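# Notes for the structure review
If you want the building blocks of each chain, they are given just below.
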2 protein chains.
Amino acid sequence: MYQKSFLLLGVFLLCGLSSKAQKWSSFVNPFIGTSNYGATYPGAVAPRPMVTVSPFNAAGEQNVIDKDSQWNSMAYWNENTFLSGFSHVNLSGVGCPDLGVILTMPTSGELTPHWQEYGSTYKNEKASAGYYSTTLEKYNIQVEATASRRVGISKYHFPAGQNNVLLNLGLGLTNEQGGMVKVVSDQEVEGMVTVGSFCYNNPQAVYPVYFVMEFSEPADEFGVWKEARPNTGVEEQWMKSYNGELRLLEQYRNHVVGDSIGVYMTYHHEQPSTVEVKVGVSYVSIENARENLKAETSDKDFADILAETQAEWDELLGVVEVKGGSEDDKQMFYTALYHTLIHPNIQSDVNGEFNLSGHQGFGQTQDYDRYTVFSLWDTYRSLHPLMSLLYPGQQSEMVKTMLDIYQESGWLPKWELNSTETYTMVGDPAVAVIADTYLRGIQDFDTKVALEAMKKHYFTTENNPVRPGNKYYHELGYIPVEAEKSDLFGGEDNGEARVWGAVSTTLEYNIADYAFGQFAGALGEQKLSEEVLAQTKGYQHFYDPETKVLRPKMKNGEFLNPFNPKDGENFTHAIGYVEGSAYHYAFMVPHDIPGLIQTMGGEESFVKQLDVVFDEGHYEPDNEPDMAYPFLYNYAQNYRWKSQQKVKAMIEEDFANTPSGLPGNDDTGTMSSLLAFSMMGLYPESAGSAEYLVTTPRFEEVIIHLDKHYYGGKNIVIRAPKSDSRPYIKSFRVNGQEQDRLFIDHKTLTEGAQIDFSLSKSSK
Amino acid sequence: MYQKSFLLLGVFLLCGLSSKAQKWSSFVNPFIGTSNYGATYPGAVAPRPMVTVSPFNAAGEQNVIDKDSQWNSMAYWNENTFLSGFSHVNLSGVGCPDLGVILTMPTSGELTPHWQEYGSTYKNEKASAGYYSTTLEKYNIQVEATASRRVGISKYHFPAGQNNVLLNLGLGLTNEQGGMVKVVSDQEVEGMVTVGSFCYNNPQAVYPVYFVMEFSEPADEFGVWKEARPNTGVEEQWMKSYNGELRLLEQYRNHVVGDSIGVYMTYHHEQPSTVEVKVGVSYVSIENARENLKAETSDKDFADILAETQAEWDELLGVVEVKGGSEDDKQMFYTALYHTLIHPNIQSDVNGEFNLSGHQGFGQTQDYDRYTVFSLWDTYRSLHPLMSLLYPGQQSEMVKTMLDIYQESGWLPKWELNSTETYTMVGDPAVAVIADTYLRGIQDFDTKVALEAMKKHYFTTENNPVRPGNKYYHELGYIPVEAEKSDLFGGEDNGEARVWGAVSTTLEYNIADYAFGQFAGALGEQKLSEEVLAQTKGYQHFYDPETKVLRPKMKNGEFLNPFNPKDGENFTHAIGYVEGSAYHYAFMVPHDIPGLIQTMGGEESFVKQLDVVFDEGHYEPDNEPDMAYPFLYNYAQNYRWKSQQKVKAMIEEDFANTPSGLPGNDDTGTMSSLLAFSMMGLYPESAGSAEYLVTTPRFEEVIIHLDKHYYGGKNIVIRAPKSDSRPYIKSFRVNGQEQDRLFIDHKTLTEGAQIDFSLSKSSK
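All of these numbers come straight from a predicted model, not from anything done at the bench. (Residues numbered from 1 in each chain as written. Chains lettered and ligands numbered in written order. Predicted model: local features only at pLDDT ≥ 70, side-chain atom pairs only at ≥ 80, totals over all residues. Heavy atoms only, no water.)

## Remarks on the state of the cysteines
Residues and elements named next belong to chain A. Taken as a whole, this structure holds two disulfides over all chains when the rule is applied. One disulfide bridge connects Cys96 with Cys199, the sulfur atoms lying 1.7 Å from each other. Where Cys96 bonds to Cys199 through sulfur, the torsion about that S-S bond is close to 95°, and the disulfide is right-handed. Remark: Cys199 occurs in the loop between strand S11 (188-196) and strand S12 (206-215) and Cys96 occurs in the loop between strand S3 (86-87) and strand S4 (103-108); sequence separation between them is 103 residues. Here Cys96 and Cys199 have matching classes, each one buried. (Disulfide = S-S within 2.5 Å. Helix = DSSP H or I, 4+ residues; strand = E, 2+ residues; numbered from the N terminus. Buried < 20%, exposed > 50% of the residue type's maximum accessible area, 1.4 Å probe, protein only.)

What follows is the structure, encoded as structure tokens:
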């Protein structure tokens, strides 16, 4: 698997990068998204990593946001000041707390194992792709971090005197408890810690993260600590001196288990000294963690690994070369790409083994990597299309993984995390992704299995864990509000999961089924295709001519009353909708905007209503449902300039080269993929449509080095001279041919399109 | 190591047992000591076992004694009725809670993982050496248990229907917390559980017990459970449905850790069926637990192992053959021997590895077993002399282990438990045991190391962890009460551990030093011997002519005032004494009873004062200090009949063939060794003296088959015709020669003495 990373590099090298020497990774600003609930982390990572080394400042009342004070999915928050370690498994941009564990911390002076005591403020943070550094003010220790895919490497610059490296398994972002640790020698520690039940959704979905920790020099002293649950009653009296207390077990080499345990390695340095610490991780076993560590970092030091990881980032980021634009633009763009290259991430160990959620044992990869962290309600919209365009090899392996998950569990994933299905969010996004990938020409997966899975998802109307409400969906063509909350409506409970957001969910099924229908058609399943596609107009049941939105409906066909289309804004709850209001879903039919226009009574009416959303402040760029809205004016020939305007405004107002530079949760790179597409002047129309909406690129030139295997290895060259000062499109030529519409299809693009914009300062 | 057990058997076979077919094990009543705080257990064991399978009824308010309601060292209490499992590591006869973990439990019907729910009353208990059986009334399941040295084997007789085997790692006698478990397959489970801090003395002394569990048939379903510590605050709201709750993880195959975890294996039996469950244990690792399991029980079923273990018991118990006496007498005698063959027990795995307390890593045996559970304040008095007489090979290995502990830790053990020193009780008993063993002719250990260790113990007057008060002891010849409780006496704190019981501790050092002095003399260290022996009269400083007891003294030589020699009775605290009163220590100078007699003013005065102890109710047979008292009349030529009377009374009044048949804690076989000696008509005079006090045997004939290697393999034959009705000794002949005194030396005995008593009904 490690070899595979090189193989991957090899592919890119074969692409003939024109500027291999260019340090694209230097444009990455990992602090983007570390505030404003972006939920990204600034720590060191390799692409699609199992391991990260990232500062953990989520604990402590002295912080602005303490993890236990609110729903908090962030191990790092830029405004926080109290750091209690560096976590080695982290989720980027998600909305629920999990992982954020295996905390390492260097300290100097006397040993203080309580994180409240050993924690420190910090300064001089620096971060780039694959690198992070800060100085702990309490100890004046500089910490540098880098990582290979499955191994984190930290370098501690210690002052002379007593120095300690702590490993804390009793603190983390996850809500699960329990770890195990064993000091193997004065240079090695092994153990595990329990994580899981992401979003508090599935208490069964708990599983261990295993690790092996290796120190560059033997410790002079070592030990473990354990804080046990206090005994009560008479035992409390007898155990008085140590009841519930943290006990240090010096030079201890047995297994220690508990909810609050840790390890210390102590050095007595005569001179200022550096110690490097490697942490190899596996979700399968300690043995695999050790194998991962050896395979990826044996005989390599911090500098070697940093160089390798930066090179890997340069290769991947260099798939897109931009010219022009400001320094901020470049940093925003490459950081966006970088964020899309974190999740989905590798799940399999170097030997190919991976965990099957604990409940199903273990799996073994064949000839492709096993991926995990499929936040598909988010990512199906633009992240996976971006991957299909830029990294089709990775996208192919992600699809293969999804099909493997189907084979293992009987269902495609929805929100998969380390082989556990968290059933977070709604819709049937895996169908959308797989079909869409095929339609973009990435077809080297088992299409028979894919068709079988999609049919099962589509046709199973009873006890369908992915598609609650599917029976109504088929019977009525839409999901009525009764399915959502049967106690409110006196409705029946047919044993299915309750539907969250009857309108939203119907729309999601429509989109997924559009992709499914196209896919079936492409496979020659014409009848099936027609049947399924017919279903995708279901959203029209909800169209309310009065409010001009898609309004929740009852089983009897009547609209929900009372009804306010603003209900659901700012993440409040509203019947019919998922994390949004009627406004956020009014146009969420990307597969059939022409149909919607028709339903709404034509382009003028459509544009007018879209204007209402923007002008009256209903557009919420911090979540997915309305993320395509700025592009939708493209469908109204006379108002296309509004897309150019809105997209520019979005880039400038909702994104920035600052910690607050993401509008909200990055959602495993989804918001970043929106930004990356937007800055290239493209946006994928819909799952199942291989068309892109076109707008003004942010850069004067964008060169996409197409994958050789999937696309023949030519370049897409997008030229938009003076784009920085001229936001509006006067002409749009593809391979020299003036285009009437601001659309381009995937095939044309990936055959190596030359795109030329002629821009203007004015929309007129 | 398993081979070794056979080797051991071989030795006994070579001894030419006259009645190998005799089932000596059938005389063992394992229920003796399971009430009245005897603290023995009725479960199935092999000799000197690492593993036991014993019913655990220590938990639950419905029981007479609940483990959490008082200081409770018993995993089983005969009067209790609510059984919540079968524990696989147990201590026999100790006074502090520890171990009592790895609980297995068969149930039928629906799975109920809470012990309060799955627990059951039970009936039809049966036990013999190596076998235990009971029927769980709630389920009508008969449980049979047997064990090899490192593997417990249970056989569950299930009714038809759903049946479950539970493994509970969240319940036990130990006060430590934390376990880990993993289902390896539908027929195998592995894990560990934390135990330690015996007597709450040393919170550092925590360590894991590892296990592997093997099932005779694959489970139809399996899973683990985990009850997590509840979260508080906002997380409590989000985790509402499972916060702090017991979660079942079905078909789960990852590691689970926690304070309250367990495993279930479920069967759906069409017919009534049996399932056999083997639990192999190791204190080193799971791998070793598996290796122990394979080596000792591979390809063997319950019946095979039961037969082997019973044969092993028959061989060891058959070293002594008795004739005459009642059935109760025989059961009491062989059960006593059985109890002396439980501790010290094997600590090393079949591959020879053993744990060095966690803090020092691991050890490896060379050519002898590693022993553990050295409760030496108890056992030095009579248990080890009995081992030297009957099982010198085992005694030799125990001494070698003690010397290894010295090499490892710098000090000989005091109260050693699984390589942790618990520093329970007082004195320097290891010195006494090692010297005594040598003086009895068992000399195949490293005497140089032994001498070095004894010198270190004796001469180290500062920071001597084994001998607090040693500086006073050397300076004053005794330990003053100031050393005991410096705050009370305004005394200094010299950094040493406080002395517990200045008088008692002085006496203990005197005894140990007597043995040391004799040992040094035997090694030709004449000067050292004389110096040390001079110190052993130190007890005389305490003699108070007024009260005729050994009375605590101040540094300035004045006696403690006020003073009541009754203080300290019934385990109350008294200055100067350890678990006793002045009466219990007044004669505790076994190494110098003639000197004491002289100090007291002659035999008449001595006897009068001894009579006071017995007649006025100060004799407490439930603890060690006065355990030799019944024999002490032997020193007064005219009152020897009183010993014959008192020993007979002790056997009949303080011991019985019932659960209450031990006077108190068996103290790892110490009380049982007193009984075994007494019933043979012998009692060892003192550590360092190879003499025995002689009294009327309980049996008409006692044949001791002497060890061939150490003693040449002859028999000791003790004949006491009509001993059942004639308690008093008229004549005592050794090898045909009438003896003037009722003493016999170890050398004469072990050369194969023929002893003939002529008995009388009258003491006159």
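## A short note on the sheet that holds strand S34 (residues 743-745) of chain A
Residues and elements named next belong to chain A. Strand order in this open sheet of three strands is S28-S29-S34, and the pairing throughout is antiparallel. The sheet is open, and its two borders are formed by strand S28 (682-686) and S34, each paired with just one other strand. Mean inter-strand twist for the sheet, computed between neighbouring axes without regard to direction, equals 35°. As paired strands, strand S29 (residues 689-694) and S34 are joined by three bridges and run antiparallel to one another. (Pairing = 2+ DSSP bridges. Axes fitted to C-alpha atoms, helices over the stretch in contact; angles between N-to-C directions.)

## A look at the relation of the copies chain A and chain B
Superposition of chain A onto chain B requires a rotation of 180° combined with a translation of 0.0 Å along the rotation axis, giving an RMSD of 0.1 Å. Taken together, the rotation and translation relating the two chain copies correspond to the operation of a two-fold axis. Considering only C-alpha atoms, the residue of chain A closest to the rotation axis is Gly258(A), which sits at 2.9 Å. Counting the interface residues of chain A, we find that 98% of their copies in chain B are interface residues as well, pointing to one common contact surface. (Least-squares fit on C-alpha atoms with pLDDT ≥ 70 in both. Contact = heavy atoms within 4.5 Å.)

## Examining the interface of chain A and chain B
At the junction of the two partners, chain A supplies 49 residues and chain B supplies 48 residues. Between chain A and chain B the total buried area reaches about 4500 Å² when both faces are included, carbon and sulfur atoms providing 49% of it. Across the chain A-chain B interface, the total number found is four salt bridges. The salt bridge partner of Asp259(B) is Arg229(A), with a shortest N-O separation of 3.1 Å. Scanning the region where chain A abuts chain B turns up 20 residue pairs in polar contact (both at pLDDT 80 or more). Those elements giving two or more residues to the side of chain A that touches chain B turn out to be strand S10 (179-185), S11, S12, strand S13 (221-227), helix H3 (234-238) and strand S14 (246-250) of chain A. By residue class, the composition of the side of chain A that touches chain B is 19 nonpolar, 19 polar and eleven charged. (Buried area = accessible area lost by both parts, 1.4 Å probe. Salt bridge = Lys/Arg side-chain N within 4 Å of Asp/Glu carboxyl O. Polar contact = N/O pair within 3.5 Å; in protein donor to acceptor, adjacent residues only side chain to side chain. Nonpolar A, V, L, I, M, F, W, Y, C, P; charged D, E, K, R; others polar.)

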